[in-house]
Structure formats: C-alpha cells, structure tokens
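Residue strings, one per chain:
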Amino acid sequence: MTQATGIVEQVASVVGEPAVADRLAVSGPPDVLPSLFQVTTLAGASIAAAAVGAGRLLSARTGQGAADLALDTRHAAAVFRSERHLRVDGRPPADPGDPISGYYPTADGRWIQLHCGFPHHRNGLLDLLGAPNDRAGVARVIHRLDAAPLETELQAMGLCASMARSEHEWSAHRQGRALAELPLVEITRLDDTSPWPPRPLRPHDGPAAGVRVLDLTRVVAGPIAGRTLAGYGADVLRVGAAHLPELPTPLVDTGFGKRNAFLNLRVAADARRLRELIATADVVLQAYRPSALDRLGFGPDAVARLRPGIVYATVSAYGRRGPWSGLRGFDSLVQTASGIALAGARAAGSPEPLPLPAQALDHATGYLAAYGVLDALTRRATEGGSWHVRVSLARTGRWLQELGHHDTLGHPDLAADDVAPYRETAASGFGLLSYIRPAGTVAGVAPRWNSPPARLGTSDPVWLNPAH
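These numbers were taken from a predicted model, which means no experiment stands behind them.

**A short note on helix α10 (residues 221-231)**
Most of α10 sits out of view: 11 of its 11 residues are buried. If you check which residues of α10 are buried, you get A221, G222, P223, I224, A225, G226, R227, T228, L229, A230 and G231. At the C-terminal side of α10, G233 shows a positive phi close to 110°.

**Focus on the nonpolar core**
Ranked by size, the top nonpolar core spans 109 residues in total, and within it V11 and Y318 carry the most contacts. The dominant element in this core, judged by the number of residues it contributes, is helix α2 (residues 39-62), at 13 residues. Judged by nonpolar contacts, the second largest core, of 21 residues, contains A281, L293, V303 and I310.

**Side note on a positive patch on the surface**
On the surface, R266, R289, R295 and R328 cluster together into a patch of positive charge. Its place among the elements puts R295 in helix α13 (residues 292-295). Here R295 falls in the exposed class, since its relative accessible area comes to 63%.

**Things to note about the pattern of salt bridges**
Per the counting criterion, the structure on display carries 20 salt bridges. In this structure, R380 and D282 form a salt bridge, with 2.9 Å as the shortest nitrogen-oxygen distance. Here D282 lies in the loop between α12 (268-278) and β11 (283-286) and R380 lies in helix α17 (residues 360-382), a separation of 98 residues in the sequence. The same class applies to R380 as to D282, namely buried. In the salt-bridge network here, residues are joined through shared partners; they are E17, R23, R56, D375 and R379.

**Re the environment of A347**
With respect to the helices and strands, the residue A347 is situated in helix α16 (residues 340-348). In this structure, the C-alpha to C-alpha distance between A347 and H405, residues 58 residues apart in sequence, is 9.9 Å. Residues within four places of A347 in sequence aside, it is in contact with L36, D407 and L409.

**Quick word on the packing of α2 against helix α18 (residues 393-402)**
Taken N-terminus to C-terminus, the directions of α2 and α18 make an angle of 125°; their axes are 9 Å apart at the nearest point. Looking at the two axes, α2 sits oblique to α18. Taken as a pair, α2 and α18 cross one another with a handedness that is right-handed. Between α2 and α18, the residues in contact are V39, L42, A45 and S46 and T396, W399 and L400, respectively. Here the contact of α2 with α18 is composed, by residue class, of 5 nonpolar, 2 polar and no charged.

**With respect to the sheet that holds strand β3 (residues 87-88)**
Spatially, β3-β15-β14 is the arrangement adopted by the 3 strands of the open sheet, whose pairing is antiparallel. In the strand order of this sheet, the two ends are held by β3 and β14 (423-428), each with one partner. Where β14 lies against strand β15 (residues 431-436), 6 bridges are found, and the strand directions are antiparallel. When the bridges of β15 are listed, R423 appears paired with I436.

**Examining α17**
Since the α-helix advances by 3.6 residues per turn, residues separated by three or four positions end up pointing in the same direction. Look at α17: 33 Å from first C-alpha to last across 23 residues, which is about the 33 Å you get at 1.5 Å a residue. Of all the 23 residues making up α17, 21 are buried; the element is thus mostly covered by neighbouring parts of the structure. Positioned one or two residues after α17, G384 has a phi angle of 85°, which is positive.

**A closer look at the pairing of strand β9 (residues 235-240)**
Counting buried positions over the 6 residues of β9 gives 6, a clear majority of the element. Because side chains alternate across β9, one face comprises the buried residues D235, L237 and V239, and the other comprises V236, R238 and G240, equally buried. Two strands pair when backbone bridges link them, and strand β8 (residues 212-216) and β9 are joined in this way by 4 bridges, in the parallel orientation. Across the sheet, R212 pairs through a bridge with D235, a residue of β9. In this view, the connection linking β8 to its parallel neighbour β9 by way of α10 has right-handed handedness. Relative to strand β10 (residues 258-262), β9 is paired through 5 bridges, and the arrangement is parallel.

Cut-offs used in this document
Residues numbered from 1 in each chain as written. Predicted model: local features only at pLDDT ≥ 70, side-chain atom pairs only at ≥ 80, totals over all residues. Heavy atoms only, no water. Buried < 20%, exposed > 50% of the residue type's maximum accessible area, 1.4 Å probe, protein only. Helix = DSSP H or I, 4+ residues; strand = E, 2+ residues; numbered from the N terminus. Core = buried A, V, L, I, M, F, W, Y, C linked by side-chain atoms within 4.5 Å. Patch = residues over 30% accessible without salt bridge, like charges linked within 9 Å, V, L, I, M, F, W, Y side chains within 5 Å. Areas by Shrake-Rupley, 256 points an atom, 1.4 Å probe, with all protein chains shown as cover. Salt bridge = Lys/Arg side-chain N within 4 Å of Asp/Glu carboxyl O. Lys, Arg positive; Asp, Glu negative; His and termini not counted. Charge placed at Lys NZ, Arg CZ, Asp CG, Glu CD. Contact = heavy atoms within 4.5 Å. Axes fitted to C-alpha atoms, helices over the stretch in contact; angles between N-to-C directions. Parallel < 35°, antiparallel > 145°, perpendicular 65-115°, else oblique. Left-handed = near helix turned anticlockwise from the far one by under 90°. Nonpolar A, V, L, I, M, F, W, Y, C, P; charged D, E, K, R; others polar. Pairing = 2+ DSSP bridges. Expected span 1.5 Å × (residues − 1). Right-handed = clockwise from strand over helix to strand, strands pointing away.

And the structure:
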C-alpha cells in the first residue's frame, strides 16, 4: 500500500464516505517526517479530513456537486511543524519551554515527564516536590520516588505529569480502554427533543465565509482548529482573558486570520457580553479543562439553549470517558502516557523516551475538530439542530497507534529548502512573519488567511460581519 493510498483510505474512514477516494488527489513522497509511527499519514489524513468538511459545506452553500480535493504530503508535513518553521524578523521565536519540563528517571527504573507549560504549573510542581527551581535539584528529588504514585499525586493536585508507559500498558489502562469506546470525531445532537429547523448559509464560494466562530482556546490543538476555520473564510474572534498566561510562539503561529479580544468570565459585565456574542454566533470552540466553562454557565447544553442551532466543539486531552477524563493534558504528556514515546525510544536506541517529530497529536486533533465543525455546519444547514463536536488528543493518539509502526527514523528530515515553497510573509504587530501557508485545496482553491496574528486584547469583542 502506498502512502497516498493509506491517506485516502484513512480520510474515507474518518469522514464516513468511501467515495471520497474518487476525488482526493494525494501527491508527494510516501514518508516525509522521520518516526517509528506513520506521522506523514496522520498529517495528510487529518488535513484532508478538514478539507472534506469544507467541501461539504461549500456544496451545501452552492448547490453544486462534491468538490475535488488535493493535498501534497510535503506541504502537510511542513504545516504539522508550523511553529518550528515560523520566523519573526528572520529569526526563530524564543523557546517558550521551561527548563524544569522534561523526562526524569525515577527510583523504580522508570521515567516520568513533567510539563511546565505555564508558570503556575512549574510552581505547583516545585512546591509539591519541595525542590528548588533548578533541573538538577528536581532530578535529585524525583530519583528517590517511584513513578506511578508520583504521577497519581501530581495529577490529583491538578498538575501536569505522566509516567512513561509501554503501548501494551496503555491499552490495558482504564483510560486506554475507555478511549477505545469513543469515536475519533464525535458529532452528536444537542437538542433531540425539540430540534431547531435547518439554517442554510447564503450562497458563497468560500466554504465558511460569514460563519461566526468564538475561539475560546489556548496553546495548540484548539487554536489550530480556529486557524483552519479562518482559512476557509470564517470570522474568528479569539476570546481570552488578561489574567490568563499565554505561550507566545503558539499565540503567533495559530493566530492567523483571527481577531483577539479580552473578556473575564468571572466579571458579570464580561460574561454578559460573551452571552451576547454567542446569541448571534455559529460556532463555539473551547479547549479549557473539562467542565471549567460548564461551571461558568457556558457548557454545551447551556449554550445550545442560549443559541439554538449552535455548533459547540470541545477539545480535550483524554476524552469524555474514563478516570482521566477531567485531567489537564498536553500533546507530549499524552505521547508519554500512551506508549508512543517509549516505543520510539526503543526503536531509536534512545536512553530516554523519544517524542514524535512534531506536535502531531495537537495538529491532527485541531484539524479533526475543524472537520467536525464544518460537517456539523453542513448538517445544521440541511437537517437543522444544535450540534456538539468532541475530539481529544488521546483518541487521536490511539488513531496514530492503530496505523501501526512504520520505521522511518533514518529518513532525512525536512531542510529549509524543502519547506521554502510553502512559505509566505506578512507584516504583523509581532514583526515581519515568515510562515507556512495552509495546505490542500478544495475545488482547486487553497485556504488562506485574511489577516496576520493579532496581539492580545487588541480587538473589541464584536462581530465584524452582519449576521447571515
């Protein structure tokens, strides 16, 4: 089976449409990113799935037949590492990583990964461990502890850590078994008892043109979903809060096509303003810790009552079932917990866990969320109703593992010249950006962003376009 055939077959399975094979053209080499896992297939299939969703919505708007789709594997691989290829005024952006983050050997001969994505994560870890703020000091403390109880204690405190497991251990873990019961992309009705009537979009040659998206996400996976919808023409308003920390590189890399506003949902006036925005929105995209928005009155059921016909998308780390369903999580932690990092290490002869050559779970999950939203918008236009789209990093990781091992660790990595054909430049408030443009085409047209990333809080919390 060629890589192109594998991508097409995976796309057909994800979107539930065998006939997509007749209109999806995949070009480029079979393997681009070096890995034990089929990361090139994951990249191509998830990006192409989003293109399928865009094509469906385009057909619903124009009344024309199914759109032809095309994708190049080299471009898809470059997009999957967009944050690595980003340049600001000719230089790579500053590394946002905290030196305490990383893998540590434990007393029982295992490994645990600490993730200090934000300062409060690091401070909480140091307080719990009673360790100084230096890597050597943290390593001395952890080397006296066993991995499993340390993981349990850290997770119970709401901190971000994972013990490195084998793939077999993860498949036997209660959370691994729970994931096996969930679909890769879950799209369900929110209003079965009193469904809202169909809400067609006005005819337009842009698949998501005029669609209003509230992007309530941070870091990578959720923001990539919003960035993808912006590429297909949506009016994406990213709403954060001034008191919440942000990672600068993902903020720039995933901010294309979005405006950036501040609202503090614990302030009554700001919460009221968000409800006003939702009342005329089409999509709410959220990736906060599970139940965080529910407690503030902005969970899926509450939003569907406020805005019948809404498409509500939830991006989580570990899915909606199982003992870990409420945990915070990041791409690398899921790789560590699920056996991906240990399997890669064994294949490469690495003494410590080896992550994937890209934040592949983040990127793929973002594109799958975008597919789910676009498909749900099509269903809303033809069937009516409010819809809930659910995806998770861990379920995406299971998809990658189900593809099987395919050792390309010795494959040469992408060089600067390899990604040059996919670069564009744009002036922004952050400086002159050189970035990877979106991959794939729908009906011969590539997605594009109509604005550069915006700095935090520089936009008013309003919609730009009139309601459709």
